[in-house]
Amino acid sequence: MSLDSRRAVSDLQELRALTADDHGAQRIAWSPMWLKARAWFQTKLQGLPIEHHYDAAGNSWTTLHGDSDRILILGSHLDSVPNGGWLDGALGVLASLAVLRGIAEEFNGKPPITIRLVDWADEEGARFGRSLFGSSAFAGTHTIEADRSRTDRDGVCLEDALKQCGINVDRIGESAIERGKAGAYLELHIEQGPVLESMQLPLGVVLGTKGVERHAITFHGQEAHSGSTPMAVRRDALAAAAKLALEIRPIARKHPDSVATMGSVKTFPGIVTAVVGRCETTLDMRDLDATVLASMLAEARAASERFAAEERCTVEWSKIWNIEPIPFDPQLIEFCDEAIRETAGTSHRLPSGPLHDAAEVSRAGIPTVMMFTQSLAGLSHNKAEDTKIEHLELAVQAFDRLARKTMTWLSEKEKAV
Ligand SMILES: [Zn+2]
């Protein structure tokens, strides 16, 4: 076996030592620390029979050419949120590197199909608020016009920050050329949630990423003096919003994997001596099934109107953002399930609540699957983010098996053509 799963873990530890401070990982995309992480990654490629380049959107591509130009892509992202964890994204990149190294060695630098490792640019969107930057450019779903004028907290605009990293925002769509003859995309990631740990399982197969409906909901009532206004005549916008905040819980609980969150509430005038005249809230709902998601949204909307009427208020909705559910490839889900069972004995299938670059790759029509490994206490985007070392090694081994199965599948398909 040419796979060295221990080396993937020591690479992760090395990257952490290089790019984290007392508060956690600081590999924010388009920052000097991120560039440092990427330069470090390139030193890890020395001696490998590969070609490396950055594409028009800043994605990093490492290519091991095979007998065929049919491509298997492996990858994730090296960027982190500020004060982030050591594994989010980095695990997938360095596990992919271990797999690529093993395949290069076993096939004397020339596997049956081409293997490519991608480190997507700016998965997190931590600085400019635009997640999945590089993968959406690759997928052709990114319209730069909506993002061109974004600024970071220091007022630096996205266009200028990217220019400093050698990216011309008008040309990011040229990243699509990297799709080539891509036959499959595989991504290993930490779960970032508590499900696998609660089942005492190291690994799981990801069925797809949940669709998201994100809306701003504003209740309008009447500002009034808190001392002189009798309870019976109040039009309290917060009361209506509060009823909705409780009602979304039973709405989501009707379905096993649905989630619904009201994450922000602002009251106006927002003082201790006034009945709330206006209450601005946000709602985020997610499910893997588009029909379920649509019905949850309709129920939440109906409930908001009912509660507004009960409190003699009005309610208005405006969409912040949405994305459809993205189910992964059925054949690759089977391979991933097999790889996990062969490595760890038991597998489990679960949807992903967070979005990932894999969702964008799947939207580009490339068969895709993700594998999750357990997150301790379900924590991520936090310096406490962690996974047991033995689980990390198992994850690398299972991911290698998945890559081998997919490689065989693609080369057989290629022969059949
Ligand atoms: Zn991630």
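This text goes with the structure placed above it.
Residues numbered from 1 in each chain as written. Predicted model: local features only at pLDDT ≥ 70, side-chain atom pairs only at ≥ 80, totals over all residues. Heavy atoms only, no water.

Summarising the element assignment, aspartate 287 is placed in strand E14 (residues 278-287). Lysine 210 is the oppositely charged side chain nearest to the buried, salt-bridge-free aspartate 287, at an N-O distance of 5.9 Å. In terms of polar contacts, aspartate 287 uses its side chain to reach the side chain of serine 258, at 2.7 Å. In contact with aspartate 287, other than residues within four places in its own chain, are Lys210, Gly211, His255, Asp257, Ser258, Val292, Leu293, Met296 and Pro325. (Helix = DSSP H or I, 4+ residues; strand = E, 2+ residues; numbered from the N terminus. Buried < 20%, exposed > 50% of the residue type's maximum accessible area, 1.4 Å probe, protein only. Lys, Arg positive; Asp, Glu negative; His and termini not counted. Salt bridge = Lys/Arg side-chain N within 4 Å of Asp/Glu carboxyl O. Polar contact = N/O pair within 3.5 Å; in protein donor to acceptor, adjacent residues only side chain to side chain. Contact = heavy atoms within 4.5 Å.)

In this description, an aromatic ring pair is defined by two values, namely the gap between the centres and the angle between the planes. Throughout the structure, instances matching the rule amount to 7 aromatic pairs. With centroids separated by 6.0 Å and ring planes inclined at 65°, the aromatic side chains of tryptophan 120 and tyrosine 185 adopt a geometry described as edge-to-face. Here tyrosine 185 lies in strand E7 (residues 182-190) and tryptophan 120 lies in the loop between strand E6 (114-119) and helix H4 (133-139), a separation of 65 residues in the sequence. As far as the burial class goes, tryptophan 120 and tyrosine 185 line up, both buried. Pairing phenylalanine 335 with tryptophan 409 gives two aromatic rings, centres 5.7 Å apart and planes at 75°, and the pair type is edge-to-face. One end of the pair, phenylalanine 335, is in helix H9 (residues 330-344); the other, tryptophan 409, is in helix H11 (residues 389-416), with 74 residues separating them in the sequence. Tryptophan 409 carries the same exposure label as phenylalanine 335, and that label is buried. Of the aromatic side chains, those joined through ring pairs into one cluster are Trp61, Trp120, Phe138 and Tyr185. Sitting over the ring of tryptophan 317, arginine 301 keeps its end group 4.6 Å from the ring centre. (Phe/Tyr/Trp six-rings, centres within 6.5 Å; stacked < 30°, edge-to-face > 60°. Lys NZ or Arg CZ within 6 Å of the ring centre and 35° of its normal.)

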